[in-house]
Amino acid sequence: MKLYFASDLHLGAPTIADHRTHELRFIKWLDTIKADADEIFLLGDMFDYWFEYTTVVPKGAVRFLSKLCELTDSGIKVHIFTGNHDVWMWDYLPTECGVEVHHEPYTFEADGKQFFVGHGDGLGNYDRAYNLLKWIFNWRVAQVCYSCLHPDLAGFIARTWSKNSRKHNAKVLKFHTFRAEDEHQVMFARNYLEHGGNADYFIFGHRHVKADYQLTPYNSRLLVLGEWMQGSTYAICDNGTLQLLDFY
């Protein structure tokens, strides 16, 4: 089997200068892999903002959505995970595009290897402030209240939040470097393995850095997929062999 993984496209992000070029670059990658892909895993934050009302979804990303339809119509199974920017994803993409939406990390076996995949945010109890914010975003009462806002106002709030958050993170060095054993994702993976969990490969997004890290003494690897706002990193698992690559 050939499995492909990508994360953190952030379609519509206010800091992207040319949205059309940004979207088409990712679609070009999808076109290059569709001939031999068995399954495609998109591990969250594919949209910089996504909120589904009963009859309204965010403007834009039509080429990406059309490509998802093309892939699933051709028989390729596409998984999409909610991230911290597009957590409010429900039945539109499964119904209209035929993809499988995951709101939690997902484990599966392929070619004799055990996979643990997800967006990678809020794992464990290592950042309680962030976990509280994530809980609020997933709280049904908060979602209902937010849905009462006009979509234009809701979108403006989300884009402003995103822009300010990105400015803040740009000033903090730890957001731009992989911190090995100090990474929350590494801590989580080690705890998972130490308590009897089984995974040959942990694959996450969220961190906007790329890393291929060996979890010694376990025979397990942890991959962080990087991002597609400035980079173009993806992973491929071909007959059980996993690689982290760049698309040009």
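Here, the structure is the one placed above.
Only a predicted model underlies this, so the values are computations on that prediction, with no experimental measurement involved.

Peer 1: So what's going on with the packing of aromatic side chains? Which residues, and what values?
Peer 2: One pass over the full model with this rule turns up 33 aromatic pairs. Measuring from centroid to centroid gives 5.6 Å for W29 and W228, while their planes differ by 50°, and the two rings are tilted. Highlighted residues: W29 in helix α1 (residues 19–33) and W228 in the loop between β9 (220–225) and β10 (233–238), separated in sequence by 199 residues. We note that W29, like W228, is buried. A centroid spacing of 6.4 Å and a plane angle of 35° characterise the contact between F202 and F204, whose relative ring orientation is tilted. Take F202 and F204: they sit in the same class, and that class is buried.

Peer 1: Provide a residue-level description of the pattern of salt bridges, including the pertinent values.
Peer 2: Any two side chains of opposite charge can pair, so long as their charged atoms come close to each other. Scanning the model with the defined rule gives twelve salt bridges in all. Residues D31 and K34 are paired through a salt bridge, measuring 3.3 Å at the closest nitrogen-oxygen approach. On the accessibility criterion, K34 (32% relative accessible area) is partly exposed. Between K67 and E70 there is a salt bridge, with its nearest N and O atoms 2.9 Å apart. Within this pair, K67 and its partner E70 are both found in helix α2 (residues 62–73), separated by three residues, close to a single helical turn. Because the salt bridges share partners, they merge into one network encompassing D31, K34, K67 and E70.

Peer 1: If you had to explain the layout of surface pockets to someone new, which residues and values would you point to?
Peer 2: One number sums up the size of the second largest pocket: a volume of about 550 Å³. In terms of lining residues, the second largest pocket is bounded by 22 residues, among which G12, P58, K59, G60 and R159 are the most central. Considered class by class, the residues forming the lining of the second largest pocket number eleven nonpolar, five polar and six charged.

Peer 1: Which residues make up the nonpolar core, and what values do they have?
Peer 2: Grouped together as the largest cluster of nonpolar side chains are 31 residues, with contacts concentrated most on F26, W29, L42, F47, F64 and L93. Beyond its immediate stretch of four places on either side in the chain, F47 contacts H10, L11, A61, F64, L65, I80, H85, D86, M89 and L93. Membership of the second largest hydrophobic core comes to 16 residues, among which are F81, F115, I203 and C237.

Conventions used here
Residues numbered from 1 in each chain as written. Predicted model: local features only at pLDDT ≥ 70, side-chain atom pairs only at ≥ 80, totals over all residues. Heavy atoms only, no water. Phe/Tyr/Trp six-rings, centres within 6.5 Å; stacked < 30°, edge-to-face > 60°. Helix = DSSP H or I, 4+ residues; strand = E, 2+ residues; numbered from the N terminus. Buried < 20%, exposed > 50% of the residue type's maximum accessible area, 1.4 Å probe, protein only. Salt bridge = Lys/Arg side-chain N within 4 Å of Asp/Glu carboxyl O. 1 Å grid on protein atoms, 1.4 Å probe; cavity = no way out; pocket = protein on both sides within 12 Å on 5 of 7 lines; lining within 4 Å. Points joined across faces, edges and corners; volume = space filled by probe spheres on them. Nonpolar A, V, L, I, M, F, W, Y, C, P; charged D, E, K, R; others polar. Core = buried A, V, L, I, M, F, W, Y, C linked by side-chain atoms within 4.5 Å. Contact = heavy atoms within 4.5 Å.

Honestly, that's just the spatial picture; any functional story needs more than this.
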